[in-house]
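Each chain is listed here by its residues.
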Amino acid sequence: MLSQAIKPHAMQVKGSAKMHRFANPTRFLRLVSAIKPWATGVCLLTFAAGLYFALFASPPDYQQRETVRIMYVHVPAAWMAMFCYAALAAASASALIWRHLVADMVARATAPIGAAFTLLALATGSLWGKPMWGTWWVWDARLTSVLILFFLYLGYIVLNGAFDDASRGARAASILAVVGAINIPIIKFSVDWWNTLHQPASVVKLDGPAIHMSMLTPLLLMAIAYTSFYIWILAIRVRAEINTSKIRALQIRRVTASDVPWNDS
Amino acid sequence: MKRKNKRLSFVFLTLLALAAAAGLILAAFEDNIVFFHSPTEIVKKNIRPEQRLRVGGLVEEGTVKQSGQNAITSFRVTDLTTSLTVNFKGILPDLFREGQGVVAEGHYRNGVFEAKEVLAKHDETYMPKEVADALKKSGKWKVEASTKPSD
Amino acid sequence: MERLLNFLDLDGYGQFIWAAYGLTAFVLIGLAVQSLRFQARTDAELEALHASPETTKVERASNEAKE
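Calculation notes
Residues numbered from 1 in each chain as written. Chains lettered and ligands numbered in written order. Predicted model: local features only at pLDDT ≥ 70, side-chain atom pairs only at ≥ 80, totals over all residues. Heavy atoms only, no water. Contact = heavy atoms within 4.5 Å. Buried area = accessible area lost by both parts, 1.4 Å probe. Salt bridge = Lys/Arg side-chain N within 4 Å of Asp/Glu carboxyl O. Polar contact = N/O pair within 3.5 Å; in protein donor to acceptor, adjacent residues only side chain to side chain. Helix = DSSP H or I, 4+ residues; strand = E, 2+ residues; numbered from the N terminus. Domains from an automatic or database assignment. Phe/Tyr/Trp six-rings, centres within 6.5 Å; stacked < 30°, edge-to-face > 60°. Buried < 20%, exposed > 50% of the residue type's maximum accessible area, 1.4 Å probe, protein only. Core = buried A, V, L, I, M, F, W, Y, C linked by side-chain atoms within 4.5 Å. Expected span 1.5 Å × (residues − 1). Arc of directions from axis to C-beta. Axes fitted to C-alpha atoms, helices over the stretch in contact; angles between N-to-C directions. Parallel < 35°, antiparallel > 145°, perpendicular 65-115°, else oblique. Nonpolar A, V, L, I, M, F, W, Y, C, P; charged D, E, K, R; others polar. pLDDT = per-residue confidence, 0-100.

1. Observations concerning the interface of chain C and chain A
On the side of chain A, 47 residues touch chain C, which itself brings 35 residues to the contact. Buried area between chain C and chain A, summed over both chains or domains, comes out near 3,900 Å², and the portion from carbon and sulfur atoms is 69%. Asp11(C) is paired through a salt bridge with Arg65(A); the nearest N and O atoms lie 3.3 Å apart. Joining chain C to chain A, the criterion identifies 8 residue pairs in polar contact (both at pLDDT 80 or more). Secondary-structure elements contributing two or more residues to the side of chain C that touches chain A are helix H2 (14–51) and helix H3 (57–66) of chain C. If one sorts the elements of the side of chain C that touches chain A by residue count, H2(C) sits on top with 23 residues.

Here you go:
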């Protein structure tokens, strides 16, 4: 029990000697704080430029008219929802396989960001669907698989906090994240495999984007803004997660040293 | 084998097995996953009049008719092979127009589709109006936007 | 003034478009604020633990070695 609880620190000592350089939290944090100001800068700049193009300097669509502007917040959110899940699943897999503490922290820090992007993809899609399709929601393969993605994020977050023994919760959550990765290709190809109300991909497709340059510009600017937003928030949350695990390890050591488990000062 | 290599191959094999299982399940439930059927499928299949289902395709050019008194809209949905008459009483979505994708939900009775709900479906192309007009003028317009009658 | 109203109306779709942008701003800014607070709280907590007299000299030394 005790050895499990303080594993993070045991890991750290072993990690610096044997494992990959950035498996060491302190080194990883140094890398993270070096990247953070750049991510923040890129995020603010591309958001400003992206919003300018999205709302002022881009034409209405020939069919969907002004509602095409919802695309500039909807599509990047949907891309990031999937990208964050891929990151969550990859980090969880390496946490399970190599027992990297840092990988687990990256996964924990990613989950709420991915959940937020998924929520936005669903909500802005709904706000776009009502005026264009004529409905807020349908149970087609694309919409349903993205809703499942949202529940996978929530499941991961809940499992991580559900066990008294934190390492067991982390393990269960990581397994869920890895298993749920099956959903990512299903989301991506749902519009090609089955009849759906949602249209197929416009940008990431074999014969090149089906979007005019004047609309691709704001879309890609917003995509860069969302990506750098993820990196910026990830940097903040990874640090907070590493802090949390250090605090827990310190408190456990203090309790066992003084041998008064009810002393929670 | 080292423990972590064992874990690596375990995770990898589990994922492979899960992917195979997911593929089989999705293939088995294909009929429930598709959101709509094409007019060809609906005409071919033996559909009971009480069965609620969806038909999807393009609104055939020149077939949309509004009857003034009972506010029923009638149009033909085509998949470029077969077309089907749809009757609908209600408000159509803004994107509903001839040559545009459409999904109707309702009952297929006596060769006519009685829709309870009509949704518009659009394709993945986005462009300004001027570009679309220029493409139409130069004859480089894609086929979906100008469906020819198929019957 | 009329131009502004026209812009806000966005061809009649203003309510949907502004709701999508507003919700995006609300969720992303909310997440950023919550994350910054989470970091500030844990930074302070860790600091307090390190500084507290209950933390033994041995612990402090080992923690400093890791920083």
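2. Looking at the domain arrangement of chain B
Partitioning chain B into domains gives domain 1 (1–33) and domain 2 (34–145). Taking the mean C-alpha position of each, domain 1 of chain B and domain 2 of chain B sit 39 Å from one another.

3. Quick notes on the packing of aromatic side chains
Applying the stated criterion to the full structure yields 18 aromatic pairs over all chains. Between Trp128(A) and Tyr126(B), the ring centres sit 6.3 Å apart and the planes meet at 35 degrees, which makes this aromatic pair tilted. Residue Trp128(A) is found in helix H5 (residues 101–132), and its partner Tyr126(B) is found in the loop between strand E6 (112–121) and helix H4 (129–138); the two belong to separate chains. Its relative accessible area of 7% is what places Trp128(A) among the buried residues. Put simply, the rings of Tyr52(A), Phe53(A), Phe56(A), Phe7(C), Trp18(C) and Tyr21(C) pair up and form one aromatic cluster.

4. A look at the nonpolar core
Generally speaking, nonpolar side chains in soluble globular proteins are found buried as a group. Counting residues in each nonpolar core, the largest one holds 89 residues, and the members touching the most others are Met71(A), Tyr72(A), Tyr85(A), Phe117(A), Tyr226(A) and Phe229(A). In terms of residues, this core owes the most to one element, H5(A), which gives 17 residues. For Tyr72(A), the residues in contact, after removing those within four places along its chain, are Ala54(A), Ser58(A), Met215(A), Pro218(A), Leu219(A), Met222(A) and Tyr21(C). By size, the runner-up hydrophobic cluster in this structure holds 18 residues, among which are Leu84(B), Val86(B), Tyr108(B) and Ala115(B).

5. A closer look at helix H7 (residues 166–180) of chain A
With 15 residues, H7(A) should cover 21 Å at 1.5 Å per step; its first-to-last C-alpha distance of 21 Å lies within 8% of that length. Among the residues of H7(A), Gly169(A), Ala170(A), Ala173(A), Ser174(A), Ala177(A), Val178(A) and Gly180(A) are the ones counted as buried. For H7(A), the arc enclosing every buried residue in end-on projection is 165 degrees, short of the 170-degree limit, so these residues lie on one face. Each element contacted by the buried residues of H7(A) is listed here: helix H4 (71–98), H5, helix H6 (141–162) and helix H8 (183–193) of chain A together with helix H1 (3–28) of chain B.

6. Points about the packing of H5(A) against H2(C)
Relative to each other, H5(A) and H2(C) sit at 175 degrees, their axes nearing to 9 Å. Judged on the interaxial angle alone, H2(C) and H5(A) are roughly antiparallel. Counted together, Pro112(A), Ile113(A), Ala116(A), Phe117(A), Leu120(A), Ala123(A), Thr124(A), Leu127(A), Lys130(A) and Pro131(A) of H5(A) and Phe16(C), Ala19(C), Ala20(C), Leu23(C), Thr24(C), Val27(C), Leu28(C) and Leu31(C) of H2(C) form the full contact between these two elements. Looking at the contact of H5(A) with H2(C), its residues break down into 15 nonpolar, 2 polar and 1 charged.

7. Here we look at the interface of chain B and chain A
Interface size is commonly expressed as the accessible area that is lost once the parts come together. The interface of chain B with chain A comprises 37 residues on the first partner and 42 residues on the second. Together, the buried faces of chain B and chain A total about 3,500 Å²; carbon and sulfur atoms form 63% of this surface. Taken as a group, Phe35(B), Glu124(B) and Tyr126(B) account for 22% of the area that chain B buries against chain A, more than any other trio of residues on that side. On the surface where chain B and chain A come into contact, there are 0 salt bridges. One can count 15 residue pairs in polar contact (both at pLDDT 80 or more) joining chain B with chain A. Listing elements by their share of the side of chain B that touches chain A, those giving two or more residues are H1, helix H2 (30–33), E6 and H4 of chain B. For the side of chain B that touches chain A, the leading source of residues is H1(B), giving 9 residues. Within the side of chain B that touches chain A, the residues separate by chemical class into 23 nonpolar, 4 polar and 10 charged.

8. Brief notes about the confidence of the model for chain C
Residue and element names in this part refer to chain C. Taken residue by residue, chain C gives an average pLDDT of 85. The fraction at 70 or more is 79%. Here H3 is the element of chain C with the lowest mean pLDDT, 57, and H2 is the one with the highest, 96. Scored as a whole, the predicted complex attains pTM 0.88, and scored at its interfaces, ipTM 0.86.

9. A look at the pattern of salt bridges
Summed over the entire model, instances satisfying the criterion amount to 9 salt bridges over all chains. A salt bridge links Asp43(C) to Arg239(A), with the shortest nitrogen-to-oxygen separation between them at 2.7 Å. In this pair, Asp43(C) sits in helix H2 while Arg239(A) sits in helix H9 (residues 213–258), so the two residues belong to two different chains. Residue class for Asp43(C) comes out partly exposed when judged on its relative accessible area of 22%. Relative accessible area serves as the criterion here: at 32%, Arg239(A) is assigned to the partly exposed category. Between Arg54(B) and Glu105(B) there is a salt bridge, with its nearest N and O atoms 3.2 Å apart. With Arg54(B) in strand E1 (residues 52–59) and Glu105(B) in strand E5 (residues 101–109), this pair connects stretches of sequence that are 51 residues apart. On the accessibility criterion, Glu105(B) (16% relative accessible area) is buried.

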